[in-house]
Each structure stands twice: as structure tokens, then as C-alpha cells.
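Here is how the chains run, residue by residue.
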Amino acid sequence: MKFYAAAAPALLLAGALLWCAGIVLAPLLNLRPVYEFFALICHQDPNRSFTIAGTPLPVCIRCTSIYFGFFLSLLFSIPSTPRAVKVAIVATLAEFVIALTVWDSPWLRATTGLALGATVAPFVTTGVQQMLRRGEFRDAV
Amino acid sequence: MQCKQCGESLPENARFCFHCGAQVPEESLEPAGPPPGPPPDLDFVQPGLSGGLFLGLLSSIPIISAANCLCCMWVLAGGSMATMLLKKQQPRRILTYGDGAFAGVLSGLFGAIVATMMSIPMKILSARLFGSQQESIENMLKGMPEVEGPMRDLVMRVMSPEISVTTVLFTFISNLIIYSLFAMVGGILTILILNKKGGSLQQPPPNQFFKA
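Residues numbered from 1 in each chain as written. Chains lettered and ligands numbered in written order. Predicted model: local features only at pLDDT ≥ 70, side-chain atom pairs only at ≥ 80, totals over all residues. Heavy atoms only, no water.

### Side note on a nonpolar patch on the surface
Residue and element names in this part refer to chain A.
Then comes step 1: Among the surface-exposed residues, L72, L75, F76, I78 and L114 lie close enough to one another that they form a single nonpolar patch of about 420 Å² accessible area.
Then comes step 2: With 3 residues, the single largest contributor to the nonpolar patch is helix α3 (residues 61-76).
Then comes step 3: Along the chain, L72 falls in helix α3. (Patch = residues over 30% accessible without salt bridge, like charges linked within 9 Å, V, L, I, M, F, W, Y side chains within 5 Å. Areas by Shrake-Rupley, 256 points an atom, 1.4 Å probe, with all protein chains shown as cover. Salt bridge = Lys/Arg side-chain N within 4 Å of Asp/Glu carboxyl O. Helix = DSSP H or I, 4+ residues; strand = E, 2+ residues; numbered from the N terminus.)

### Re helix α5 (residues 106-133) of chain A
Then comes step 1: Compared with an ideal rise of 1.5 Å per residue, which puts 28 residues at 40 Å, α5 of chain A spans 40 Å between its outermost C-alpha atoms and is within 8% of the ideal.
Then comes step 2: With 21 of 28 residues buried, α5 of chain A lies mostly within the body of the structure. (Expected span 1.5 Å × (residues − 1). Buried < 20%, exposed > 50% of the residue type's maximum accessible area, 1.4 Å probe, protein only.)

### As for the packing of aromatic side chains
Then comes step 1: In the structure shown here, the tally under the stated rule is 11 aromatic pairs over all chains.
Then comes step 2: Residues F38 of chain A and Y67 of chain A carry aromatic rings whose centres are separated by 6.5 Å and whose planes lie at 40° to one another, so their mutual orientation is tilted. With F38 of chain A in helix α2 (residues 32-38) and Y67 of chain A in helix α3, this residue pair connects regions lying 29 residues apart in the sequence.
Then comes step 3: Relative accessible area serves as the criterion here: at 11%, Y67 of chain A is assigned to the buried category.
Then comes step 4: Ring centres of Y67 of chain A and F182 of chain B lie 6.5 Å apart, and the angle between their planes is 75°; this geometry places the pair in the edge-to-face category. Of this pair, Y67 of chain A sits in helix α3 while F182 of chain B is found in helix α6 (residues 165-194), placing the two residues in two different chains.
Then comes step 5: For F182 of chain B, a relative accessible area of 14% gives the class buried.
Then comes step 6: Put simply, the rings of W19, F37, F38 and Y67 of chain A together with F182 of chain B touch in pairs and so form one group of aromatic residues. (Phe/Tyr/Trp six-rings, centres within 6.5 Å; stacked < 30°, edge-to-face > 60°.)

### Some words on the environment of G187 of chain B
All names here are of chain B.
Then comes step 1: Along the chain, the position of G187 falls in helix α6.
Then comes step 2: For G187, a relative accessible area of 0% gives the class buried.
Then comes step 3: Taking the C-alpha atoms as reference, G187 lies 10 Å from G108; in sequence the two are 79 residues apart.
Then comes step 4: Those residues in contact with G187, other than ones at most four positions away along the chain, are G79, S80, T83 and G100. (Contact = heavy atoms within 4.5 Å.)

### As for helix α4 (residues 82-101) of chain A
Residues and elements named next belong to chain A.
Then comes step 1: Compared with the 28 Å implied by 1.5 Å per residue over 20 residues, the 29 Å span of α4 between its first and last C-alpha is a close match.
Then comes step 2: For α4, the complete set of buried residues consists of P82, V85, A88, T92, E95 and A99. Buried residues in α4, looked at end-on, bunch into an arc of 155°, giving them a common side. Within α4, the exposed residues directed more than 90 degrees away from the buried face are R83, V87, V90, L93 and T101. (Arc of directions from axis to C-beta.)

### A few points about the pattern of salt bridges
Residues and elements named next belong to chain A.
Then comes step 1: Following the criterion strictly, the structure yields 5 salt bridges over all chains and no others.
Then comes step 2: Its salt-bridge partner being R32, residue E36 comes within 3.5 Å of it at the nearest N-O pair. Separated by 4 residues within a single helix, E36 and R32 lie in helix α2, roughly one turn from each other.
Then comes step 3: The buried category is assigned to E36, whose relative accessible area is 13%.
Then comes step 4: On the accessibility criterion, R32 (33% relative accessible area) is partly exposed.
Then comes step 5: A salt bridge links R109 to D104; its shortest N-O distance comes to 2.1 Å.
Then comes step 6: Residues participating in the shared-partner salt-bridge network are R48, R62, E95, D104 and R109.

### Digging into the packing of α3 of chain A against α5 of chain A
A pair of packed helices can be characterised by two numbers: the angle between their axes and the separation between those axes.
Residue and element names in this part refer to chain A.
Then comes step 1: Running from amino to carboxyl end, α3 crosses α5 at an angle of 40°, the nearest separation of the two axes being 6 Å. In terms of orientation, α3 lies oblique with respect to α5. In this structure, the crossing between α3 and α5 has a hand that is right-handed. Between α3, through I61, R62, S65, I66, F68, G69, F70, L72, S73 and L74, and α5, the contact on the second element is made entirely by P106, R109, A110, G113, L114, L116, G117, A118, A121, P122, V124 and T125.
Then comes step 2: Per-class residue counts for the contact of α3 with α5 are 14 nonpolar, 6 polar and 2 charged. (Axes fitted to C-alpha atoms, helices over the stretch in contact; angles between N-to-C directions. Parallel < 35°, antiparallel > 145°, perpendicular 65-115°, else oblique. Left-handed = near helix turned anticlockwise from the far one by under 90°. Nonpolar A, V, L, I, M, F, W, Y, C, P; charged D, E, K, R; others polar.)

So far we have only geometry, and geometry alone does not tell us how the molecule works.
The structure is reproduced here in C-alpha cells:
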């Protein structure tokens, strides 16, 4: 367990890289299972998704930005605070309401999504490390 | 307990009588109880099951499950619910991000089982409702040129009455991965919100590879 706790940041980075690579490669290689996988967690509206080579990504702009923000935060070890996470959550919710009522901007959606993913990443890393370090899985099983 | 001098009733473990001031003999005092032990361990199973049932059911019911398209709302909520139930066990205890993560993972794993089991009768039901309308759905898609390629295949598959072991297995494995990850994030975010001040971790250390 101690090894996994120590390797948690690297494992999370590898997982995030695989996740983001799947999103980018799916339209290029016409990977239908990847679209079906992400259909469980995203509306996949092509009008609200980035496109590659004219084909929409398997997730929307907001989801893409969150995942890439998460990955970039892990890659560059961007620090975060609880306040930053709360601000990012509020900004995302505010953008959601603004998009529904006043002004729908893909770039505003991308910015808030990037911020949310980037601020949450360090806390997820810490949570995974603490969980593995205490050997919770071993005790439960 | 009664005072041996004046007979007034006294609280247990009183050292002097409040009425006459007489000292209570030491043998009258109740022996001190055992020193307080460490706080009891948290039970993760029950909150995990409750959170999992919540997210599994809501992620299976048609129309309601569409909320999962909003950043996996029900899954995050399931992880959050498991963490709040965990907090309720010992309200004074400051939970760590690891506690929230584990509660979230458990709720996600159980929720995946519930959602997959619920998806089978839901699929049968939707087959009866939409099976006869597949031709009209195809005609509708013909009028939407932006929906093409893998997107079109996905729409047709969702509307298809086909149920197979492969489909169920794919759904189950996908749910296991997605629900456990997102419910874990929900648990961690809940800890972040619950621990307002003096939390066990004010600021996470910078990410460092291979550092315990």
C-alpha cells in the first residue's frame, strides 16, 4: 500500500493522460467505444463540443476543459487552496446560469472548466494518497 | 449518596456535603471509570451503501438520469452523501480527504452495481416503448446532418432494443470506473467544504512524484 500511496501522483497523471488522449484520439480514429463510454457522463451535444477534423469530441467543451485542466495541474504541479476550489465551483455554476439566460460563450465555458479541473487536482491527489496510505482497501476486504 | 453526618442527599462522587460541609469518606466515592479510549473507528460500509443506492437509482431512472450529463451530478451527489453520513457518525471528528475519497469510492462501486442491475429492466421497457419507433428515429437523424459518424451510431445504439451480455458487461465496467472516480471526487469536495477552519489539511502539498 505504501508504494501505491507514494506512486499515486504518477498513477493519477498517467490515468489523466490516458483519459485526455482518449478524448482527442476518438474523433481521429473513429473510436466508437470511447464515444459510448463518455456517453454515460456527457450529453455529447455536437453544437457544444470542440471538433477535430470536423468531428466533435466525445465530450462537451466544459467536460473537455475540466479534464484537461486536471491533467495540466498534475503535469505542472499547480498548487491550489480550498478557497480557489470554491471560487472555481461558483464560477462554473455562474457560467452555467449565464449561458442559459444571457450569454452563451464557449470560451467562458472552457475557462471556467479549466479553472475547476486545475484547482481540484491537488486535492484529489492528496485524497488518493491518504486513502491508500491508511490501507483502507485492505481493512475493508 | 447520602451525607453520613446530616443525611442530606448528595450527588455521586461529591467530596464534601453542600449542607454541612462534612468530608465524604473516600470509600464512599465511586471508583473512577476507565480512561477514555481512542475514538471508535468510522464505519465506511453503511454510508457507502446508502450513497451508492442513491446514485445508482437516480442514474438509472430515465429522464432523471440525464442530470448526469451535468458533470455527473448524481454520482458526485452520491459520493457527497456517503461522506456526509460518515461525518454524522462522529460530528466532532475532523475527516481527512482520504476518508471522503474512500467513502466516495465505496458508494461509486456499489452504485455501479445498482445502476447496471437497474439498466436491464429499463432497457427492456425502453425497447417496448421505442422499438417500434426506430424507423422514425432514423428518418429524424437523416434531417440532422451534424449528427453523423460515431455520434449517429451511438444514438441508434441507445434507441436500439438490443440487450446483450457484451452491452451489459461494457456498461458495468464503464460504470465501475466512472462512478468510483467521480463519487471519490464528490467525497473529497465535500470534505473540503465541511472542513471550514482548522481542517486536517489546510493546503495540500505541491504534487511531487513518488513522495509518500
